[in-house]
Amino acid sequence: MALRFYNTLSRRKERFQPLEPGTVKLYTCGPTVYDQAHIGNFRTFLFEDVLKRHLLLRGFNVIHVMNITDVDDKTIRRSIEQNVSLKALTDIHTKRFFADLENLRILPADYYPRATDYIEDMQATIQQLIRNGVAYETEDGSVYFSIAAYPDYGKLAHLKPNEMQSGERVQSDDYTKDNPMDFVLWKSWKPEDGPVKWESPWGPGRPGWHIECSVMSTKILGDEFDIHCGGVDNIFPHHENEIAQAVCATGSTFARYWIHAEHLMVDGGKMSKSLGNFYRLSDLTDKGYHPAVIRYMLLNSHYRSKLNFSLSKYEESRSALERITALRDRLMDRQPDFAKPENVVITDTGESILTAMDDDLDVPGALAVIFDWVRAINGRLDERKMAKDDILNGLFTLDLIDRLFGWLPETGADRVPADILDLVARRQAAREAKNWSLADELRAEIRERGWSVKDTPQGPKCSKEI
Ligand code: AMP
Ligand code: ZN
């Protein structure tokens, strides 16, 4: 089946074909680094991660840009409240964000542009918009985009022309769909901005949030590129405004496929920092919840459905994941020298999983294939019906599942930290000396550090506990 994605522009599933055969240029709106990201944000970032992993498995080269919003209304307000420089505030949260990405096994992007590194490019684009007659300066030294000058305004969010309030202006970075207005491109400096300002042809000030993404995406990926993603709350005004700015500045199409993830909810409401009903990843991992299980929970639905987060589902998710890892252990026992192939091997089951994903990333469909297969293989192992080739195929399928979803804890000595290997070696020595109580103590310590050790005919084997 051909690869298809639901495009918010057309509100239909469309066959996906990149501009340049074999290469996908992908832009995903990154975090606003005024605080630590919450797991709602990570639902969107994880959906984007699986989208990218699927494209890679289907043989595309993916060029991925994720921006870091390090200047906007929220970052400035927070830096003033906390009496720290904008840079100090945003550096801390950017660093935490990267740590969370790693813990959640999100593949790194190729570029992480920071808005403050692109101010000159943003000013050049704003000048171009003024020259093109779609932007105007106001008396206070701000610049606005005139929505009446762009007849396609509202195309992404499906706004009705009679709802537009052209000539009326909105200063704030975020606002609702109720009355779309001329939005700000350059905001003149105000005392409440403190020291945050840049010189510009219109006097001191700073860019609006929307121009940041239009400029960083086109500077790195070109005027036209393949996929632009974010959460559904980005559709309006952020992405609508990005399209208006980029199309009017470059005359090009800008992004061709717009793919948006639905929200992560808590008790029926959107998880958000402003509502205070959120978990950070570290809130959960500090309490002992495993990032692989959280990753599983945040991916365990279709990206276009709302997903309700509840820790009451943690055990169920953990045991689902464990069924997959336990099967890997069983297969590895039969083929202990199995090494991950450099390139993916697509087995028949692997192809069925990818075929489900080809249909607008149908994760529930892919999971159904995976768990049916796990059950069937366990049954065949119980009946001792698995030949060496079947074992190898099973391990290739598990490798594909891991490349697609990033769920399986690492195995193999190369991924086990040195201090754990040291404990394992000491435990082995204690066993050989028949000092069982010391061996048990060492096993307990290994477990406390989040690893488990299993004794096999080939010697002790270590894996990360989930
Ligand atoms: P922000 O840091 O607020 O700019 O958000 C970063 C990303 O997280 C954006 O793509 C948002 O659309 C997305 N996002 C924010 N809240 C949620 C939520 N509750 N569920 C899913 N995605 C969200
Ligand atoms: Zn953006």
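Structural data are supplied above this passage.
Residues numbered from 1 in each chain as written. Chains lettered and ligands numbered in written order. Predicted model: local features only at pLDDT ≥ 70, side-chain atom pairs only at ≥ 80, totals over all residues. Heavy atoms only, no water.

> What is the right way to read the state of the cysteines from this model?
Where two cysteines share a covalent bond between their sulfur atoms, that bond is called a disulfide. This structure, assessed with the given rule, holds 0 disulfides. Here Cys229 stays free of any disulfide, with the sulfur of Cys29 as its closest cysteine sulfur at 8.9 Å. Judged by relative accessible area, Cys229 falls into the buried class, the value being 0%. (Disulfide = S-S within 2.5 Å. Buried < 20%, exposed > 50% of the residue type's maximum accessible area, 1.4 Å probe, protein only.)

> Explanation requested: the site of ligand 1 in the structure shown.
Around ligand 1, 17 residues are found, and the nearest of them are Thr32, Thr44, Asp233, Leu264 and Met271. Between ligand 1 and Asn41, the relevant distance is 3.0 Å, taken from an oxygen atom to a side-chain nitrogen or oxygen of the residue. In the model, an oxygen atom of ligand 1 is placed 3.1 Å from a nitrogen or oxygen of the Gly231 main chain. For ligand 1, the accessible surface in isolation is 490 Å², of which the surrounding protein chains cover 95%. Listed by contribution, the elements that provide at least two residues to the shell around ligand 1 are helix H1 (39-57) and strand S10 (224-231). Each residue belonging to the shell around ligand 1 can be placed in one class, and the counts come to 4 nonpolar, 10 polar and 3 charged. (Near = heavy atom within 4 Å. Polar contact = N/O pair within 3.5 Å; in protein donor to acceptor, adjacent residues only side chain to side chain. Areas by Shrake-Rupley, 256 points an atom, 1.4 Å probe, with all protein chains shown as cover. Helix = DSSP H or I, 4+ residues; strand = E, 2+ residues; numbered from the N terminus. Nonpolar A, V, L, I, M, F, W, Y, C, P; charged D, E, K, R; others polar.)

> Please clarify how the coordination of the zinc ion (ligand 2) should be interpreted in this entry.
Each pair of donors in an ideal octahedron of six around a metal sits at 90 or 180 degrees, and each pair in an ideal tetrahedron of four sits at 109.5 degrees. The protein atoms that coordinate the zinc ion (ligand 2) are Cys29 (SG), Cys213 (SG) and His238 (NE2), at distances of 2.1 to 2.2 Å. For the zinc ion (ligand 2), all donor residues lie on one chain, and their spacing in sequence is C-x183-C-x24-H. Separated by 25 residues along the polypeptide, Cys213 in helix H5 (residues 209-221) and His238 in helix H6 (residues 235-250) bring together distant segments of the chain. The class for Cys213 is buried, based on a relative accessible area of 1%. (Donors = N, O, S within 2.8 Å, 3.2 Å for Na, K, Ca; no water.)

> Where do I start with the side chain of Glu240 in this structure?
Within the secondary structure layout, Glu240 lies in helix H6. No salt bridge forms around the buried Glu240; measuring N to O, its nearest opposite-charge neighbour Arg11 is 7.6 Å away. If we ignore the near neighbours within four places in the chain, the residues touching Glu240 are Asp152, Tyr153, Gly154, Lys155, Leu156, Ala157 and Ile235. (Lys, Arg positive; Asp, Glu negative; His and termini not counted. Salt bridge = Lys/Arg side-chain N within 4 Å of Asp/Glu carboxyl O. Contact = heavy atoms within 4.5 Å.)

None of the figures reported here should be taken as evidence of function without further support.
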